[in-house]
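Fold and geometry: a report
Here are the chains, one letter per residue:
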Amino acid sequence: MKKECVAMLLAGGQGSRLYALTSHVAKPAVPFGGKYRIIDFPLSNCINSGIDTVGVLTQYQPLELNAYIGNGQPWDLDRSDGGVHVLPPYVREGSYGTWYKGTANAIYQNIGFLQLYDPEYVLILSGDHIYKMDYAKMLKHHKEQNAACTISVLEVPLAEASRFGIMSVDDEDMIFEFQEKPKEPKSNLASMGIYIFTWSKLKEYLMADEQSSDSTNDFGGDIIPAMLSAGERMAAYRFQGYWKDVGTINSLWDANMDMLSPGSGIDLYDTSWPIFARSATKPPHFTGPDARVSHSMVTGGCEVYGTVENSVLFHSVTVEPGAQVRYSILMPGTVVKAGATVDYAIVAENAVIGEKASVGTPPPEDTENWGITVVAQEIEVGDGAVVPANAMVTRNVKGGEAE
Amino acid sequence: MMNKLHGIIFAYRSNADLRELTQNRNTCSVPYGGRYRIIDFMLSNYVNAGIADVGVIVHANYQSLLDHVGSGKDWDLSRKHGGLRILPPFGYANKQRGGVCRGRMDALEGVYSYLKNIRQEHVVLAGGDLAVNLPLRDIYAQHIASGADITAVCTRAPKGDPKSSVYFSLGADGRVADVSVHPFSPTGCESLEVYILSKSLLLSLVDHCAAHNIPSFSQGVLLSMVHSLKIMPYVYDGYAARLQSVASYYARSMELLDPKVRDALFVPERPIKTKDQSNPSTYYGSEGETERSLVADGCIIEGSVKNSILFRGVRVEAGAKVENCILMQGTAVQAGAVLKYTITDKNVRVNPGRMLMGHETYPLAIAKGEIV
């Protein structure tokens with residue numbers, strides 16, 4: 001049945017800058033904020049914005065992501081008309097068909113899917129940002145501006161602008177120039193990687209882009225510049241609020257810490273814009289007789305007997321007596337044994353930190369070689385082992401051994 | 001194998017001694033264990049044993065139960081064929097006794113046409129007011145292996161008030177040799193009121209009891225047929241909680257602070273499922289203190305919490321003290337308030353600086369939505 005707006009969520013990226021955390025899962029499936037995975041944010045934004053048809057384009061390590069999305073029930077996206085659809089690349093007649101070559105090519109390969117819903121507008125999202133946003137307001141702006149494309153932008157400090165796609169706009173916030181990660185940014189309006197296209201226009205440009213042999217088939221690199229040079233109406237939609245790219249170890253750690261700060265600009269407890277998740281079936285968490293938990297998030301199935309400060313614990317984490325966890329993120333099933341310390345670390349699923357082991361350190365005065373420590377999933381750090389700051393542990397560490 | 005078993009849950013019991021806790025609900029939907037309603041346990045027991053079709057017999061005060069169970073999707077019981085069926089007391093409408101449900105046989109008679117259409121060969125009958133994690137697959141396997149007419153689950157550790165419990169004396173042949181119903185001084189094993197029998201036997205028993213105007217299962221079946229039917233016990237000595245009064249509700253709840261009790265009730269292979277509410281994690285503020293407490297998701301704890309059970313979405317503000325309490329969903333304890341031995345029902349608000357104190361043997365219960 002016809003839909004006014006269909007969302008396409010690009011979830012096929014490897015997220016290679018998250019290293020060990022994405023060795024088994026696509027980036028959008030990386031756990032975040034105690035109960036969520038990154039993809040819960042755009043999916044929840046969709047349903048809260050009244051968009052009930054979402055295509056999720058998968059390619060890299062899709063199994064866990066597919067299982068997580070399932071029939072879309074946690075997000076109320078289990079619909080008989082619309083709902084969530086997982087869209088992997090597929091073989092076409094005569095053995096044609098390729099992997100998704102770029103973000104634009106991924107949408108091009110799914111023109112057939114979009115035609116099923118014959119939408120007026122297509123919303124393009126990615127699975128690597130943490131934010132709460134009402135896409136309906138952006139769509140309203142797109143319609144009011146009678147734009148071919150609307151790009152959501154955020155004001156960033158000029159010093160950081162070179163990390164982003166930067167938009168130059170006129171008095172009416174129409175975009176006249178786009179620079180991808182410029183050395184000398186001409187504006188401080190950064191693209192958030194969220195686009196609304198009038199579908200008939202986008203289809204035209206996707207078809208043309210596919211014919212061009214020197215294209216990288218990318219929205220930022222090809223489609224947006226092509227539309228700009230053709231003189232299409234390109235609107236900037238200014239977003240105010242919390243938005244964070246969680247594509248690196250540091251930004252993932254930062255964003256998790258932001259969830260602990262009421263002043264960070266995003267409030268998970270605000271029931272007017274809930275973030276939904278597929279939750280594990282676990283009993284409430286338990287804090288033991290000598291537990292000390294402060295400025296932290298704890299969820300179902302956790303058993304805390306030690307000290308937890310400024311940390312985010314996912315479900316079924318055990319912190320044994322005398323263990324200390326500070327400024328760290330412990331993903332589901334982590335066990336921190338008696339007397340161990342974990343500082344400034346991200347510990348992935350089901351890792352075990354042995355008795356009196358030490359993982360990570362607080363930042364010293366000279367922070368040049370210091371960094372967040374990462375322990376990959378299913379890893380065992382032996383009793384008494386010492387894992388220094390900035391380490392990436394991807395094999396078991398024997399007891400008493402320094403990494 | 002398990003698709004040969006049909007589940008019936010009796011969800012009409014309402015214990016008057018639960019006072020405030022059953023003002024707006026019956027016993028089966030009383031909140032328990034931080035995030036559950038008591039009926040979650042039996043529903044999950046059934047689902048974890050592979051039972052696909054479940055009939056839940058309700059009678060009065062069941063709006064809260066319907067709201068909780070919904071279509072059954074949280075237990076994977078929202079199915080095209082079978083799945084969860086709520087059985088309201090429609091069948092009593094044209095009876096002379098004015099729609100009163102006097103016991104399990106009355107309840108079953110009221111849903112006789114549902115029972116006739118059961119697709120499975122065997123039926124398990126259980127109450128929705130028992131918190132237990134039963135190995136129902138084993139119980140069913142024993143039922144088949146023993147050739148029993150009825151398998152009755154019972155425990156050697158007394159759980160309930162004798163005045164409202166049934167006890168079995170076991171014979172040398174392993175059968176139930178005698179039954180005593182609501183005695184003053186109990187002997188033998190206490191029945192957990194979980195029974196497995198064949199559909200055909202169930203139908204004939206319901207017919208027999210209806211024709212003789214016997215409303216209760218213990219009178220009409222257990223007592224009168226203990227010699228003519230082969231009733232075999234299944235002794236389950238694991239943890240089970242029956243909630244019959246405010247005091248026993250409090251005592252059984254506080255037992256959950258013991259890790260051994262939680263291990264017995266929350267078995268990873270047989271998870272207890274409940275209605276999903278999409279709460280975020282619980283946040284502990286920098287001044288928050290917590291010790292020996294069971295805390296569900298979505299709470300914000302800025303004050304001090306000791307020896308307590310907090311349901312989803314509870315707020316404990318800075319300077320507030322909560323000790324030996326059970327705070328149900330959405331309770332707000334405002335700055336500086338002190339609560340000891342208190343049970344607050346859903347959405348209770350305790351204003352700043354208030355002090356509420358019950359006693360271990362007589363906890364204070366505050367009804368749903370009250371503002372103190």
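Residues numbered from 1 in each chain as written. Chains lettered and ligands numbered in written order. Predicted model: local features only at pLDDT ≥ 70, side-chain atom pairs only at ≥ 80, totals over all residues. Heavy atoms only, no water.

1. Some thoughts on the overall build of chain A
The test is simple: Helix and strand definitions follow DSSP, with helices as H or I runs of at least four residues and strands as E runs of at least two, each counted in order from the N terminus. Using C-alpha atoms as the atom set, the radius of gyration is obtained and then compared with a globule rule of 2.2 Å times the number of residues to the power 0.38. Classification of residues uses two cut-offs on accessible area relative to the type maximum, computed with a 1.4 Å probe and protein chains only: under 20% is buried, over 50% is exposed, and between them is partly exposed. Only four residue types enter the charge count: Lys and Arg as positive, Asp and Glu as negative, with His and the chain ends excluded. The atom standing in for a charge is NZ when the residue is Lys, CZ when it is Arg, CG when it is Asp and CD when it is Glu.
Helices and strands together make up the secondary structure of chain A, namely eight helices and 31 strands. For 403 residues, the compact-globule estimate of 2.2 N^0.38 gives 22 Å, and chain A sits close to it at 22 Å. When burial is assessed residue by residue, chain A has 59% of its 403 residues classed as buried. Computing the positive centroid from 30 side-chain charges and the negative centroid from 49, chain A places the two 2 Å apart.

2. Here's the deal with the overall build of chain B
Definition in use: Every residue pair with non-hydrogen atoms within 4.5 Å of one another is taken to be in contact. Here the open area of atoms and residues is found with the Shrake-Rupley method and a 1.4 Å probe, where only the protein chains shown may cover a residue.
A count of helices and strands for chain B gives nine helices and 28 strands. Relative to the 2.2 N^0.38 estimate, which gives 21 Å for 372 residues, the radius of gyration of chain B is 21 Å and therefore close to what a compact globule would have. Along the longest, intermediate and shortest principal axes, the C-alpha atoms of chain B span 65 × 45 × 40 Å. By the burial criterion, 58% of the 372 residues in chain B qualify as buried. In chain B, the share of contacts with a sequence separation of at least 24, taken over all contacts with a separation of at least 6, comes to 58%. Accessible surface, chain B as shown: approximately 14,400 Å² in total, 49% of it carbon and sulfur. Seen as two clouds, the 40 positive and the 35 negative side-chain charges of chain B have centres 4 Å apart.

3. Description of the domain arrangement of chain B
Residues and elements named next belong to chain B. What counts here: An automatic or database domain assignment supplies the start and end points of every domain. A 1.4 Å probe defines the accessible area here, and the buried area is the portion of it lost by two parts on being joined, summed over both. What makes a salt bridge here is a side-chain nitrogen of Lys or Arg within 4 Å of a carboxyl oxygen of Asp or Glu, nothing more. Pairing of N or O atoms within 3.5 Å defines a polar contact, subject to two protein rules: one partner must be a possible hydrogen donor and the other a possible acceptor, and residues neighboring in sequence count only if both atoms are side-chain atoms.
When its domains are assigned, chain B resolves into domain 1 (2-265) and domain 2 (283-366). Computed from C-alpha coordinates alone, the two centres of domain 1 and domain 2 are separated by 33 Å. Summed over both partners, the interface of domain 1 with domain 2 comes to about 1,900 Å²; 66% of that surface belongs to carbon and sulfur atoms. The largest contributions to the domain 1 side of the interface with domain 2 come from G34, Y250 and L257, which together make up 34% of the buried area. The tally of links from domain 1 across to domain 2 stands at one salt bridge. Across the domain 1-domain 2 interface, the total number found is four residue pairs in polar contact (both at pLDDT 80 or more). At the level of secondary structure, the elements contributing two or more residues to the side of domain 1 that touches domain 2 comprise β2 (31-32), β3 (36-37) and α8 (246-254). Broken down by element, the residue count for the side of domain 1 that touches domain 2 peaks at six residues, all from α8.

4. Quick look at unusual backbone geometry
Residue and element names in this part refer to chain A. Residues other than glycine seldom take positive phi values, yet Y327 does so here, at roughly 45°. Along the chain, Y327 turns up in the loop between β21 (324-326) and β22 (329-330). According to the relative accessible area criterion, Y327 is partly exposed, its value standing at 32%.

5. Let's talk about the pairing of strand β5 (residues 83-87) of chain A
Residues and elements named next belong to chain A. In plain terms, the rule: When DSSP locates at least two bridges between a pair of strands, those strands are taken to pair. Handedness of a crossover is defined as follows: with both strands directed away from the viewer, a clockwise route from the first strand across the helix to the second makes it right-handed.
Looking at chain direction, strand β4 (residues 53-57) and β5 are connected through five bridges and run parallel. Its bridge partner lying in β5, V54 is registered against V84. Remark: the β4/helix α2 (residues 63-69)/β5 crossover connection has right-handed handedness.

6. Some thoughts on the pattern of salt bridges
Opposite charge on two side chains permits them to pair, given that their charged atoms come into close proximity. Considering all chains together, one arrives at 32 salt bridges over all chains under this definition. In this structure, the salt-bridge partner of D118(A) is K2(A), at a minimum N-O distance of 3.6 Å. Of this pair, D118(A) sits in the loop between α4 (111-117) and β6 (121-126) while K2(A) sits in the segment before β1 (5-10); the two residues are 116 residues apart in sequence, bridging distant segments of the chain. For D118(A), a relative accessible area of 41% gives the class partly exposed. Note that D106(B) and R102(B) form a salt bridge whose closest N and O atoms lie 2.9 Å from each other. A network of salt bridges, in which partner residues are shared, links R13(B), R104(B), D129(B), E190(B), E193(B) and R242(B).

7. Details of the interface of chain B and chain A
In plain terms, the rule: Under this grouping Gly is polar, as are all residues other than the nonpolar Ala, Val, Leu, Ile, Met, Phe, Trp, Tyr, Cys and Pro and the charged Asp, Glu, Lys and Arg.
Opposite the 35 residues of chain B that make contact, chain A presents 32 residues. For the pair chain B and chain A, the two sides together bury roughly 2,600 Å², of which 52% comes from carbon and sulfur. For chain B, the biggest contributors to the area lost against chain A are S281(B), Y283(B) and Y284(B); these three give 22% of the whole. Linking chain B to chain A there are two salt bridges. Scanning the region where chain B abuts chain A turns up 19 residue pairs in polar contact (both at pLDDT 80 or more). Sorting the residues of the side of chain B that touches chain A by element identifies α9 (259-265), β14 (282-284), β15 (289-291) and β16 (293-295) of chain B as the ones contributing at least two each. Taken together, the residues of the side of chain B that touches chain A sort by class into 14 nonpolar, 12 polar and nine charged.

8. Section: the packing of aromatic side chains
Inclusion rule: Two aromatic rings from Phe, Tyr or Trp, using only the six-membered ring of Trp, form a pair when their centres are within 6.5 Å; if the ring planes differ by under 30 degrees the pair is stacked, by over 60 it is edge-to-face, and anything between is tilted. Only lysine NZ and arginine CZ atoms are considered, and such an atom sits over a ring when it is within 6 Å of the ring centre and within 35 degrees of the ring normal.
In this structure the tally under the stated criterion is 21 aromatic pairs over all chains. Centroid distance Y32(B) to Y249(B): 6.4 Å. Interplanar angle 70°. Geometry classified as edge-to-face. Of the two residues, Y32(B) is situated in strand β2 and Y249(B) in helix α8; the sequence distance between them amounts to 217 residues. There is no split in this pair, since Y32(B) and Y249(B) are both buried. One aromatic cluster in this structure is built from Y32(B), Y36(B), F41(B), Y249(B) and F266(B). R92(A) extends its terminal NZ or CZ atom over the ring of Y90(A), reaching a point 4.4 Å from the ring centre. Of note, R262(B) hangs over the ring of F286(A), and the distance from its end group to the ring centre comes to 3.9 Å.

9. Section: the packing of helix α6 (residues 199-211) of chain A against helix α7 (residues 219-229) of chain A
Residue and element names in this part refer to chain A. Rule in force here: Only the stretch in contact is used when fitting a helix axis, every axis being a line fitted to C-alpha atoms; angles between N-to-C directions are given from 0 to 180 degrees. Crossing handedness is read from the near helix: turned anticlockwise from the far helix by less than a right angle, it gives a left-handed crossing, and turned clockwise, a right-handed one.
For the pair α6 and α7, the least separation of the axes is 10 Å and the interaxial angle reads 115°. Pair α6 / α7 crosses with right-handed handedness. Contacts between α6 and α7 involve L202, Y205, L206 and D209 on the former and, on the latter, F219, D222, I223, A226 and M227.

10. Here's the deal with the pairing of strand β12 (residues 231-235) of chain B
Residue and element names in this part refer to chain B. In terms of burial, β12 is largely enclosed, as four of its five residues are buried. Relative to β12, strand β8 (residues 150-155) runs parallel, the two sharing five bridges. Looking across to β12, one finds that I150 is bridged to I231.

11. Regarding the sheet that holds strand β14 (residues 285-287) of chain A
Two modes of strand pairing occur in sheets, parallel and antiparallel, and in both the strands are linked by backbone hydrogen bonds. Taken in spatial order, the 11 strands of this open sheet run β29(A)-β26(A)-β23(A)-β20(A)-β17(A)-β14(A)-β16(B)-β19(B)-β22(B)-β25(B)-β28(B), and their pairing is mixed. Two strands bound the open sheet, and with one partner strand each, they are β29 (380-381) of chain A together with β28 (364-366) of chain B. Of the pairings in the sheet, the one linking strand β25 (residues 342-344) of chain B to β28(B) comprises three bridges and is parallel in character. Paired with T342(B) across the two strands is L364(B), which belongs to β28(B).

12. Overview of the side chain of Q377(A)
Residues and elements named next belong to chain A. By the element assignment, Q377 lies in the loop between β28 (373-375) and β29. In terms of polar contacts, Q377 uses its side chain to reach the side chain of H24, at 3.2 Å. Aside from chain neighbours lying at most four places away, what touches Q377 is H24, A348 and E349.

13. Notes on the sheet that holds strand β27 (residues 355-357) of chain B
Residues and elements named next belong to chain B. Taken in spatial order, the five strands of this open sheet run β15-β18-β21-β24-β27, and their pairing is parallel. The strands lining the two open edges of the sheet, one partner per strand, are β15 and β27. Strand-to-strand twist across the sheet, computed as the mean angle between neighbouring axes with direction ignored, equals 5°.

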